Amino acid sequence: MRAFYHPDQSLHDPLQYMRFGQIVAPKDIPERTQKLLGALKTRGVTPDQPAPHGSAAARAVHTADYLRFLETCWDRWAHLPERGPEVWPNTFPYWSGRPEERARPACPAEGLIGQAGWYLGDLSVPMGPKSWLSIVRSCDTAVSGADAVAAGERAVYALCRPSGHHARADRASGFCYINNTAAAAQRLTSRFGKIAVLDVDAHHGDGTQQIFYTRDDVLTISIHADPVNYYPFYTGYAAERGHGAGRGFNLNLPLAHGAAGDAMTKAVDDASAAIRTFGADALVVALGYDAHALDPIGVLKLEAHDFATIGAQVRALDLPTLVVQEGGYAVDVIGDCLAAFLDGWNPA
Ligand SMILES: [Zn+2]
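Keep in mind the model is a prediction, meaning the values are calculated, not measured.

K.L.:
I would appreciate a short explanation of the overall build of the protein in the present structure.
P.N.:
Helix and strand counts for the protein stand at 10 helices and nine strands. In terms of C-alpha radius of gyration, the protein reaches 18 Å, essentially the compact-globule figure of 20 Å for 348 residues. Across its three principal axes, the protein shows a C-alpha extent of roughly 60 × 45 × 40 Å. By residue count, 58% of the 348 residues in the protein fall in the buried class. In the protein, the share of contacts with a sequence separation of at least 24, taken over all contacts with a separation of at least 6, comes to 78%. Placing the 30 positive and 38 negative side-chain charges of the protein at their respective mean positions leaves the two points 3 Å apart.

K.L.:
Just to check I follow, could you spell out the pairing of strand β4 (residues 155-158) for this structure?
P.N.:
The side chains of a regular strand alternate, residue by residue, between the two faces of the sheet. With burial as the criterion, each face of β4 is covered, one bearing Ala155 and Tyr157 and the other bearing Val156 and Ala158. The pairing of strand β1 (residues 2-4) with β4 spans three bridges and is classified as parallel. Bridge pairing in β4 places Arg2 opposite Val156. Sheet analysis places β4 next to strand β9 (residues 321-325), joined by four bridges and oriented parallel. Residue pairing in the sheet places Ala155 in a bridge with Thr321 of β9.

K.L.:
Where do I start with the environment of His166 in this structure?
P.N.:
Mapped onto the elements, His166 comes out in the loop between β4 and α6 (180-189). In sequence terms His166 and Asn180 are 14 residues apart; their C-alpha atoms lie 10.0 Å from each other. Excluding anything up to four places from it in sequence, His166 contacts Arg171, Ser173, Gly174, Cys176, His203, His204, Asp206, Gly207 and Tyr231. Within the structure, His166 has its side chain in polar contact with the side chain of His165 (distance 3.2 Å).

Rules used in this analysis
- Every residue gets a number counted from 1 within its own chain, in the order that chain's sequence is written.
- Totals for whole chains, interfaces and linings use every residue, but because this is a predicted model, local features are given only for residues with pLDDT of at least 70 and side-chain atom pairs only at 80 or more, for both listing and counting.
- With hydrogens and water set aside, each side-chain value is computed from the structure's full complement of heavy atoms.
- Here a helix means four or more residues in a row that DSSP labels H or I, a strand means two or more in a row labelled E, and each is numbered from the N terminus.
- Two things to know: the radius of gyration comes from C-alpha atoms, and the globule rule equals 2.2 Å times the number of residues to the power 0.38.
- Residue burial is assigned from relative accessible area. The probe radius is 1.4 Å, only protein chains are included, and a residue is buried under 20% of its type maximum, exposed over 50%, and partly exposed in between.
- Note on contacts: a residue pair is in contact if any heavy atoms of the two residues lie within 4.5 Å.
- Counting rule applied: Lys, Arg positive; Asp, Glu negative; His and chain ends not counted.
- Note that the charge is assigned to NZ on lysines, CZ on arginines, CG on aspartates and CD on glutamates.
- When DSSP finds at least two bridges between two strands, those strands are taken to pair.
- Two N or O atoms form a polar contact when they lie within 3.5 Å of each other; inside protein one atom must be a possible hydrogen donor and the other a possible acceptor, and for residues adjacent in sequence the pair counts only when both atoms belong to side chains.

Here you go:
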């Protein structure tokens, strides 16, 4: 499987993360990429460096005011007379968060603190001096992957970091800033008619859902731990089926906390049936490993070999496929999970 990755993606090095009322060590650490690159090496895959693609792919799925904030906030922050080590909000506007709610208007406040609360949706998305560069390169990786699939590659892996699937059109959250999966899926719509997005990260792909929620040309499916007591809490329920023209083109398959590989296998089978019924022309797999039993913020009980089953299942769909890296924070096992996925896709 061809792969893409840019070394600048490891420069994003967050310092703070709020969990259970405490500032703790971040989970999205640069070491994650080293583990995933190591797994690729064991399978003989050398990633290509993505070309710089400019901002068109991000602008196709995000608002201009949001992207402008992300691009400029560090420099503005650095000029504050008194400040912490990275851009971190201390206010959160009232907002329903319903998936059918499209992007909000641009933030009415001109000041940085007000805008930080508007555009950084929680305390897992600090912006440091190199964050924007990593965010742009991560999107470049996804776009290069999409373009390779559009040019005829049967399967491509985009080693994206930071992740993207929690990023809404106008808001960062959950370690995510630009929605790489959505940008890639949108990019593929110009080459293929109907795109299916299958998200198997342990968290609901709420940003991807919101971006395509009123569309009937992109089927979004997310398999994740039940959000009733798990991030992102407010979306990811089975009743969310899409809105307007998109009604019926979003599918959420929540898993009970503690569920293991057999439950994931069943859910991927159900998702596969929906993808076939939809008649997808191409597939984007949002691949996270935080369903692994050892994940430090996980509640599911998959083992590394379960990702081989997922790989075999998505290959059986027999579609041009882009695999986009999302979460997975147990640094000692995420390489095994990726290697297993590749083995399942391409059995020896
Ligand atoms: Zn996740």
